[in-house]
Amino acid sequence: MRKKVMAALAATMIAGAVAAPAMVAAEGNHRAAEASIAVDLDPASASGMRIEGLTGDKQGRLYTIDMDSRRLFRFTPGTGQLETLTILPRPATGMAFDGQGNLYMASGGGNGVGGVILRVPADALANGPFESGRVATFAQDVDGANGLAFDRKGNLYVSGGATGNIYVITPQGQRTVWASGIAAERPEQPITVNGLAFGRDGRLYIANTSSGEINRVRIKKDGTFGDVERFAKDPLLYGADGIAFGPDGDLYAAANERNAIVIISRSGKVKELAANDNQGPLEFPASLHFVGDTLYISNFDVARGANSPNEPGIGASIAKIELEKKHRGHHDKG
Ligand SMILES: [Ca+2]
Ligand SMILES: [Ca+2]
């Protein structure tokens with residue numbers, strides 16, 4: 001009996017190591033992490049609201065945007081308070097704070113409307129709701145603008161969605177364009193540059209939603225980009241949207257069309273952290289933001305892939321996963 005189990009285990013490990021990185025999640029020691037809903041942004045309805053971006057301030061409060069009503073929300077996990085801060089002049093997706101507490105939002109445009117970056121100054125966020133007039137246009141000519149990430153010098157990196165471009169905007173608002181050359185593999189999904197995050201290694205990590213891939217690139221001292229290097233590629237990463245580095249140094253990705261959260265180790269090993277069907281609690285997860293050991297996730301709730309049809313579940317919401325300590329430190333440290 002014991003011998004049989006050992007043989008089966010060995011066979012599994014060989015198959016997992018050689019053929020299928022996807023097997024790691026199913027056959028490994030880790031239990032699937034449990035996602036739950038932190039806040040339902042529209043308790044009266046399970047559909048009809050779309051949120052994509054998610055970020056947090058230094059106090060651990062979370063921010064997201066309803067793309068249709070253009071409402072900017074703030075959620076305070078400690079108290080459960082949900083505020084509508086303002087109505088934005090145009091819909092926006094990716095969000096990021098700079099070091100001074102100013103909030104930036106990507107508005108990619110389309111159908112003849114150019115992309116811009118919106119900015120709310122820190123003092124407007126100091127209290128409750130504020131006038132829409134406090135929202136300024138920080139930069140223009142950023143078509144497809146979607147994901148945002150700041151480097152240590154305060155330069156803002158903007159992913160251009162299906163354009164394949166990464167835009168860089170200095171703190172003074174000066175913009176340059178890097179044509180990444182990152183390509184789409186699946187014609188039904190043309191978005192190639194989506195979620196962005198800087199690693200501890202100083203490299204910019206870029207999610208390719210189409211090809212199920214994370215690429216990374218070094219930014220040279222003169223501000224130009226080095227060669228694109230593939231960090232990970234796996235069918236588990238189909239729909240890779242928002243990405244964020246966890247407290248453990250692993251990279252976490254929202255695989256939107258798979259209703260899944262995926263972990264990529266430092267050596268590029270890919271495994272599933274959590275996944276579900278269209279019942280939720282993950283409903284087309286789009287963006288990720290860590291507060292300590294808690295991973296917060298925006299549920300966009302688009303009807304596609306594992307989230308189609310999108311009627312079940314609770315709709316636009318912020319989900320969360322508490323990382324277990326035993327998850328940490330057991331990963332491949334590569
Ligand atoms: Ca709802
Ligand atoms: Ca749903």
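Residues numbered from 1 in each chain as written. Chains lettered and ligands numbered in written order. Predicted model: local features only at pLDDT ≥ 70, side-chain atom pairs only at ≥ 80, totals over all residues.

1. Focus on the overall build of the protein
- Looking only at helices and strands, the protein features 2 helices and 24 strands.
- Put simply, of all contacts in the protein between residues at least 6 apart along the chain, 53% involve residues at least 24 apart. (Helix = DSSP H or I, 4+ residues; strand = E, 2+ residues; numbered from the N terminus. Contact = placed C-beta atoms within 7 Å.)

2. Some points on the sheet that holds strand β11 (residues 156-159)
- Read across the sheet, 4 strands follow the order β10-β11-β12-β13 without closing on themselves; strand pairing throughout is antiparallel. The strands lining the two open edges of the sheet, one partner per strand, are β10 (148-150) and β13 (175-179). Averaged over all neighbouring strand pairs, the angle between strand axes comes to 20°, with direction disregarded.
- The pairing of β11 with strand β12 (residues 165-169) spans 4 bridges and is classified as antiparallel. (Pairing = 2+ DSSP bridges. Axes fitted to C-alpha atoms, helices over the stretch in contact; angles between N-to-C directions.)

3. Let's talk about unusual backbone geometry
- Note that the residue after G280, namely P281, is joined by a cis bond; omega there is 10°.
- Among the structural elements, P281 can be located in the loop between β21 (270-275) and β22 (285-291).
- Within the chain, N111 stands out as a residue other than glycine whose phi angle is a positive 50°.
- Assignment of secondary structure puts N111 in the loop between β7 (103-107) and β8 (116-120).
- Positive phi is not limited to glycine here, since D141 has a value of about 55°.

4. Quick word on the nonpolar core
- Core analysis: the biggest nonpolar cluster contains 82 residues, and V158, I214, I243, A253 and V262 have the highest contact counts within it.
- Those residues in contact with V158 that lie beyond four places of it in its chain are A106, I117, V142, A145, L148, I166, Y167 and I169. (Core = buried A, V, L, I, M, F, W, Y, C linked by C-beta atoms within 7 Å. Buried ≥ 20, exposed ≤ 12 C-beta atoms within 10 Å, placed from the backbone.)

5. Remarks on the sheet that holds strand β15 (residues 204-208)
- The strand order across the open sheet formed by 4 strands is β14-β15-β16-β17, and the pairing between neighbours is antiparallel. Pairing within the sheet leaves two strands with one partner each, and these edge strands are β14 (196-198) and β17 (229-233). Each adjacent strand pair in this sheet contributes to an overall mean axis angle of 25°, direction not counted.
- The pairing of β14 with β15 spans 3 bridges and is antiparallel. Counted as the bridge partner of L196 is I206 from β15.

6. Overview of the environment of M95
- Secondary-structure assignment places M95 in strand β6 (residues 95-97).
- Expressed as a C-alpha distance, the spacing of M95 and S107, which sit 12 residues apart in the sequence, is 9.7 Å.
- Setting aside anything within four residues of it in sequence, one finds M95 in contact with G53, L54, T55, Y63, L103, Y104, M105 and L148.

7. Quick word on the environment of S265
- Positionally, S265 belongs in the loop between β20 (260-264) and β21.
- By the C-beta count within 10 Å, which is 18 here, S265 ends up partly exposed.
- Remark: the alpha-carbon pair of S265 and G249, spanning 16 residues in sequence, is separated by 7.9 Å.

8. Overview of the confidence of the model for the protein
- For the protein, per-residue confidence averages 90 on the pLDDT scale, and residues scoring 70 or more make up 88% of the total.
- The low-confidence segment residues 1-30 (pLDDT under 50) makes 18 contacts with residues lying over four places distant or belonging to another chain. (pLDDT = per-residue confidence, 0-100.)

9. A look at the pairing of strand β16 (residues 213-217)
- When you tally the buried positions in β16, you get 4 out of 5 residues, the bulk of the element.
- In this structure, β15 lies alongside β16, joined through 5 bridges in antiparallel fashion. Along β16, the bridge assignment pairs N208 with E213.
- Remark: 4 residues form the turn of the hairpin made by β15 and β16, two consecutive strands paired antiparallel; G212 in that turn has positive phi of roughly 65°.
- Direction of pairing for β16 relative to β17: antiparallel, over a ladder of 4 bridges. For I214, the partnering residue across the bridge sits in β17 and is A232.

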